[in-house]
Amino acid sequence: AFAQSGIKRVRIEGAGSRYGEALFFQCPSLRTVILEKGVRSLPHKLAYGCTALEQVILPDTLESVGRNVWEFTPFLNHWLENEDKEHGEIFWDGRNRKGEVILPKETRIVAGGAFYGNRQLLAVSIPDQVTWVGSAAFKGCTSLSRVTWPGSVTTAEPEVFSGCRNLETIALGPESWDGPAVP
């Protein structure tokens, strides 16, 4: 809709509003995105390639986050460098994490593509507060062999573990297991 435009500041309002993919794709002047209370979902590539984007204000009403929402932005770079506590309930990017990873306990949402293609990820533990895991969150993590998956997850988008050919063990939270007790 506004791809590659000269827009500088965006305020998105509206409970339940849905916006298309790549809404502000490669807007080189976009510096600020403010998402008002009531916004529940961020589409794939919302502000992909917005090379001036430094300020993002997120509401606590977010329930889902698409793939590559902030890819190639100063905002994402800042988060990666500082594990920004202001946005700590959304885990944006773990593509450079190595070994066994325990997501921060305040995490509620694992963004789509968060670990996409990470060949050094061996195991991941997802905390009990997580309710939503985005599409392709762990896709192509070819060394991933163990996952701790809480019963709190109510939505897992498509292809979460697609291409994880060494994935051998998933420990499910107690409320997510419908079968008999496992000794």
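Worth saying up front: this structure is predicted, and the values here are computed from it rather than measured. (Residues numbered from 1 in each chain as written. Predicted model: local features only at pLDDT ≥ 70, side-chain atom pairs only at ≥ 80, totals over all residues. Heavy atoms only, no water.)

*Asks:* Help me understand the sheet that holds strand E6 (residues 90-91), please; the structure alone is not making it clear to me.
*Replies:* Strand pairing in a sheet is mediated by backbone hydrogen bonds. Such pairs are either parallel or antiparallel. One open sheet accounts for four strands, arranged E6-E8-E10-E12; its pairing is parallel. Where the open sheet ends on each side, the last strands, each with one partner, are E6 and strand E12 (155-156). Sheet topology note: the E6/strand E8 (residues 109-110) ladder contains two bridges and is parallel. The residue bridging phenylalanine 91 from the neighbouring strand is valine 110, located in E8. (Pairing = 2+ DSSP bridges. Helix = DSSP H or I, 4+ residues; strand = E, 2+ residues; numbered from the N terminus.)

*Asks:* Whenever I open this one, the side chain of glutamate 71 confuses me. Can you help?
*Replies:* One can find glutamate 71 in the loop between strand E5 (64-65) and helix H1 (74-82). The residues contacting glutamate 71, other than those within four sequence positions of it, are Ala47, Tyr48, Gly49, Leu76, Asp93 and Arg95. (Contact = heavy atoms within 4.5 Å.)

*Asks:* Looking at this structure, how should I read the sheet that holds strand E7 (residues 99-102)?
*Replies:* With parallel pairing, the four strands of this open sheet are ordered in space as E7-E9-E11-E13. Each end of this open sheet is capped by a strand with a single partner; those strands are E7 and strand E13 (169-172). Strand-to-strand twist across the sheet, computed as the mean angle between neighbouring axes with direction ignored, equals 15°. Inspection of the sheet shows strand E9 (residues 121-125) paired to strand E11 (residues 146-149) by three bridges, in the parallel sense. Bridged to alanine 123 within E11 is arginine 146. (Axes fitted to C-alpha atoms, helices over the stretch in contact; angles between N-to-C directions.)

*Asks:* Where do I start with the packing of aromatic side chains in this structure?
*Replies:* In total, this model carries 11 aromatic pairs according to the counting rule given. Residues tyrosine 48 and phenylalanine 72 carry aromatic rings whose centres are separated by 5.4 Å and whose planes lie at 85° to one another, so their mutual orientation is edge-to-face. Taken together, the residues tyrosine 48 in the loop between strand E3 (41-42) and strand E4 (55-57) and phenylalanine 72 in the loop between E5 and H1 connect sequence positions 24 residues apart. A relative accessible area of 17% means that tyrosine 48 is categorised as buried. Taking 5.4 Å as the distance between ring centres and 75° as the angle between the ring planes, the aromatic pair formed by tryptophan 70 and phenylalanine 75 counts as edge-to-face. Of the two residues examined, tryptophan 70 and phenylalanine 75, each falls in the buried class. Ring pairing ties together the aromatic residues Trp79, Phe91, Phe115, Phe138, Trp149 and Phe161, which thus form one cluster. (Phe/Tyr/Trp six-rings, centres within 6.5 Å; stacked < 30°, edge-to-face > 60°. Buried < 20%, exposed > 50% of the residue type's maximum accessible area, 1.4 Å probe, protein only.)

*Asks:* For this particular structure, what's the right way to read the pattern of salt bridges?
*Replies:* Once their charged atoms are close, side chains differing in charge can pair, the charge on each being opposite to the other. For the structure on display, the rule yields eight salt bridges. Aspartate 60 is the partner of lysine 37 in a salt bridge, and the nearest nitrogen-oxygen pair spans 2.6 Å. Highlighted residues: lysine 37 in the loop between strand E2 (32-35) and E3 and aspartate 60 in the loop between E4 and E5, separated in sequence by 23 residues. A relative accessible area of 59% places lysine 37 in the exposed class. Here arginine 40 and glutamate 63 are joined by a salt bridge, their closest N and O atoms 3.1 Å apart. Residue arginine 40 is found in the loop between E2 and E3, and its partner glutamate 63 is found in the loop between E4 and E5; the two are separated by 23 residues along the sequence. The exposure class of glutamate 63 is partly exposed, given its relative accessible area of 42%. One network of salt bridges, in which partners are shared, links Glu71, Asp93 and Arg95. (Salt bridge = Lys/Arg side-chain N within 4 Å of Asp/Glu carboxyl O.)

*Asks:* It is not clear to me how the environment of alanine 156 should be interpreted in this structure. Could you clarify?
*Replies:* Assignment of secondary structure puts alanine 156 in strand E12. Taking C-alpha positions, alanine 156 is 6.0 Å from tryptophan 132, a pair spaced 24 residues apart along the chain. When sequence neighbours within four positions are dropped, the list of residues in contact with alanine 156 reads Val133 and Trp149.

*Asks:* Could you clarify how one ought to interpret the confidence of the model for the protein chain in this entry?
*Replies:* Do not read the predicted coordinates in detail wherever pLDDT is low. Of all residues in the protein chain, 90% attain a pLDDT of 70 or more, and the chain-wide mean is 88. Ranking the helices and strands of the protein chain by mean pLDDT puts E9 first, with 96, and H1 last, with 84. Note that residues 175-183 has pLDDT below 50 and, in this model, five contacts with residues that lie over four places away or in other chains. (pLDDT = per-residue confidence, 0-100.)

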